[in-house]
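Below, each chain spelled out in residue letters.
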Amino acid sequence: MSRFRRVLIILGSVVTALVLAVGGLFAWLWTGADVSTVGKASFDNALAIPPLAESSVDKDGTRVFDLRMRAGETEFEDGLKTPTWGFNGSYLGPTLRAARGEKVRVHIENGLDEASSVHWHGMHLPARMDGGPHQMIEPGGTWTPHWTVDQPAATLWYHPHPHGATERHVRQGLAGMFILDDDRSEELALPRRYGVDDLPVIVQDVRFDGGRLDGERRIMQNVGFLGDRTMVNGTLRPYRDVADELIRLRLLNASTARTYAFGFPDGRSFSLTATDGGLLERPAPMDRVQLSPGERAEIVVRMRAGERVMLRSFPQDNYGDGWQRRFGGGDDSFDVLELRAAGELRPSPDLPAALGELETPDGTDAVRGRHFDLKRSGVNGRAMDLGRVDETVTRGTTEVWTVRNGNGMPHNFHVHDVQFRVLEVNGETPPAALRGPKDTVFVPNGTTMRLALRFTGPADPATPYMYHCHLLYHEDEGMMGQFVVVEKGQRAQAPSNRSGRPGHEHG
């Protein structure tokens, strides 16, 4: 019996040790999982402003840009060179700018040692110009997409879209802003001097492993890579001197998985004037705006002479349960960009009370509805297949798409080619931040959204657009589907033009 007791005691001791070890490991993981950079560093680097891309105008009026994807090295910290990728430089790319009604052509050269693509996120354009995974550019190859800008003024962006590798290509630095103008926006009393009172703010989270950009997901980070610091326009700890009463910030979440809740520490209100696809009907006062990967927002903040104010990302409570918040980034907070106001500020006109009418559909003329269930295994339970068309829509029609996330973790939903209107969030009227034109929406666990979309073409039954989660780790895993636009009575065809060839110019 004494021997049996000794065995029980030993087993009990082992179990107790295991429980304590597991509990200790869990406590260590839990306490070390949240990140905060608030108040931990002085913002001592002048904010870089991406240059406006040079362009030429052909005899037929087409505006022509040149972009070259290339590898290089970037000094984010003085004296420490980091291998990076960029467009026309070592990291990120220039800001392209065009006006509604203009014909645009972009000559793209792939100077990398692997295939990639360039997707025009938020742009309405033909499917074969979209730059998705069917328009790959091989190393040494070129691609020259061309289209006519036919949508309102907006802050868009461009980035790679190679199937299975988008997260890595974007994280390495391949991204840039694309600003659209139109007559209506030019007439409004909004800050409009690029780099002066109208600032591009491309926000990314990063983590460094010595001189290398680290891209490893930490344990239980099922949303994807989460960095431990942020940078703006490729600048760590950035500040910007401003000299106007009103400053327009064109916020772009170019992170691959992290969602931000932007605001200011003193709780000051700012005006949301535009979402992904352009202007709201009227400015919306708020003190927080949440942006998931790929989303944009234009906000206007009022400055006081001589002050320093920090743009900050605050913790968020809509990630699901406490576990998801802690390991999915919802508990994190970051100081992002310090604005330093001059001792005397140039007066700015008051914002207009009305900005214009939305061009997105209200859903009243919808001809059909579709449902999209968001899961890590794929959209509607199907992992992405480049050879399969998942949905076929008819040119000129409006549809209502119901998007649901019951997957226990955050997702978002991006649709190529169209700007849609959010009709409902969990059966309720959407909040002000979701009432403008959108192409990407954050869909937290337990959320159902109804979206109204109009498909104006052109029809192309053999070349699909994408819809997908824009948490890029999820996208790369296969959380994506394809749709084609057809004329009434047409059928979808097997997708074609899956890649370019070295030296071959297509488009």
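Residues numbered from 1 in each chain as written. Predicted model: local features only at pLDDT ≥ 70, side-chain atom pairs only at ≥ 80, totals over all residues. Heavy atoms only, no water.

A.B. asks: Give a description of the overall build of the chain that names residues and reports values.
C.D. replies: Check the secondary structure of the chain and you find five helices and 36 strands. The dimensions of the chain, computed from C-alpha atoms along their principal axes, are 100 × 65 × 50 Å. Out of the 507 residues in the chain, the part that is buried amounts to 57%. Pairs at least 24 apart in sequence give 78% of the contacts found in the chain among residues at least 6 apart. Surface exposure of the chain reaches about 20000 Å², of which carbon and sulfur atoms provide 49%. Measuring between centres, the 58 positive side-chain charges of the chain sit 5 Å from its 67 negative side-chain charges. (Helix = DSSP H or I, 4+ residues; strand = E, 2+ residues; numbered from the N terminus. Buried < 20%, exposed > 50% of the residue type's maximum accessible area, 1.4 Å probe, protein only. Contact = heavy atoms within 4.5 Å. Areas by Shrake-Rupley, 256 points an atom, 1.4 Å probe, with all protein chains shown as cover. Lys, Arg positive; Asp, Glu negative; His and termini not counted. Charge placed at Lys NZ, Arg CZ, Asp CG, Glu CD.)

A.B. asks: An account of the pattern of salt bridges is needed here, citing residue identities and associated values.
C.D. replies: One pass over the full model with this rule turns up 50 salt bridges. Here E77 makes a salt bridge to R229, at a shortest N to O gap of 3.3 Å. Taken together, the positions of E77 in strand β3 (residues 63-77) and R229 in strand β15 (residues 229-232) put the pair 152 residues apart, joining distant regions of the chain. The partner of D373 in a salt bridge is K375, and the shortest N-O contact between them spans 3.9 Å. Connected through shared salt-bridge partners, D276, E295, R296, K438 and D439 make up one network. (Salt bridge = Lys/Arg side-chain N within 4 Å of Asp/Glu carboxyl O.)

A.B. asks: Mind laying out the environment of P315, listing which residues take part and the relevant values?
C.D. replies: Examined against the element boundaries, P315 turns out to sit in the loop between β24 (308-313) and α4 (322-328). Exposure remark for P315: the relative accessible area of 48% places this residue in the partly exposed category. Residues P315 and L226 lie 89 residues apart in sequence; the distance between their C-alpha atoms is 14 Å. Setting aside chain neighbours within four positions, we find P315 in contact with G330, D331, D332 and S333.

A.B. asks: Help me get a handle on the sheet that holds strand β35 (residues 480-486), residues and values and all.
C.D. replies: With mixed pairing, the five strands of this open sheet are ordered in space as β28-β35-β34-β30-β32. With partners counted over all chains shown, the strands left at the sheet margins are β28 (391-394) and β32 (440-443), one partner each. Going from strand to strand, the sheet's axes swing by 25° on average, the running direction of each strand aside. Taken together, the four bridges between strand β34 (residues 465-468) and β35 define a ladder with antiparallel strand orientation. Each bridged residue has a counterpart across the sheet, and for H468 the counterpart in β35 is M480. (Pairing = 2+ DSSP bridges. Axes fitted to C-alpha atoms, helices over the stretch in contact; angles between N-to-C directions.)

A.B. asks: Tell me about the domain arrangement of the chain, residues and numbers included.
C.D. replies: Considered domain by domain, the chain is made up of domain 1 (45-182), domain 2 (198-346) and domain 3 (368-486). Each partner contributes to the interface: domain 1 provides 23 residues, whereas domain 3 provides 24 residues. Across the domain 1-domain 3 interface, the total number found is zero salt bridges. For the pair domain 1 and domain 3, the interface holds 19 residue pairs in polar contact (both at pLDDT 80 or more). Taken together, the elements giving at least two residues each to the side of domain 1 that touches domain 3 come down to β7 (119-121), β10 (154-159) and α2 (166-171). The element contributing the most residues to the side of domain 1 that touches domain 3 is α2, with three residues. (Domains from an automatic or database assignment. Polar contact = N/O pair within 3.5 Å; in protein donor to acceptor, adjacent residues only side chain to side chain.)

A.B. asks: Break down the packing of aromatic side chains for me, citing the residues and quoting the values.
C.D. replies: How two aromatic rings sit relative to each other is set out by the distance from centre to centre and by the angle between their planes. The full count for this structure, using the stated rule, is 23 aromatic pairs. On the basis of an interplanar angle of 80° and a centroid distance of 6.0 Å, the ring pair of W401 and Y467 is categorised as edge-to-face. Of the two residues, W401 is situated in strand β29 (residues 397-405) and Y467 in strand β34; the sequence distance between them amounts to 66 residues. When sorted by exposure, W401 lands in the same class as Y467, which is buried. Three or more aromatic residues link up through ring pairs in this structure, and these residues are F372, W401, F413, F455, Y465, Y467 and F483. Looking at R171, its charged tip hangs above the ring of F225, at a distance of 5.9 Å from the centre. (Phe/Tyr/Trp six-rings, centres within 6.5 Å; stacked < 30°, edge-to-face > 60°. Lys NZ or Arg CZ within 6 Å of the ring centre and 35° of its normal.)

A.B. asks: Tell me about the UniProt feature "domain: Plastocyanin-like" (unreviewed entry) in the chain, residues and numbers included.
C.D. replies: Following the UniProt record, the feature "domain: Plastocyanin-like" (unreviewed entry) maps to residues 71-183 and 375-487 here. The span residues 71-183 is 6% helical and 42% strand by assignment, and the distance between its end C-alpha atoms comes to 38 Å. (UniProt positions renumbered as here; feature names shortened; annotations may be inferred.)

A.B. asks: Tell me what's going on with the pairing of β10, and back it up with residues and numbers.
C.D. replies: Extensive coverage of β10 is indicated by the burial of six of its six residues. Judged by which residues are buried, β10 turns out to be covered on both faces: A154, L156 and Y158 on one side and T155, W157 and H159 on the other are all buried. As judged from the three bridges shared by β7 and β10, these two strands associate in the antiparallel manner. In the strand pairing of β10, H119 is matched with H159. Pairing analysis gives five bridges linking β10 to strand β11 (residues 176-181), with the strands arranged antiparallel. Its bridge partner being in β11, W157 is matched across the sheet by M177.

A.B. asks: Account for the sheet that holds strand β31 (residues 421-425), with residues named and values stated.
C.D. replies: Judged by pairing direction, the sheet is mixed, and its five strands sit side by side in the order β27-β26-β29-β33-β31 without closing on themselves. What marks the edges here is a single partner per strand, and that holds for β27 (378-379) and β31. Bridge count between strand β26 (residues 366-375) and β29: eight bridges; the pairing is parallel. Counterpart to R368 in the pairing with β29 is E399.

A.B. asks: Could you give an account of the environment of R346, naming the residues involved and the relevant values?
C.D. replies: By the secondary structure assignment, R346 is in strand β25 (residues 334-346). Separated by 13 residues in the primary sequence, R346 and S333 place their C-alpha atoms 32 Å from one another. Once you skip the residues sitting within four places of it in the chain, R346 turns out to touch R193, V196, A243, D244 and E245.

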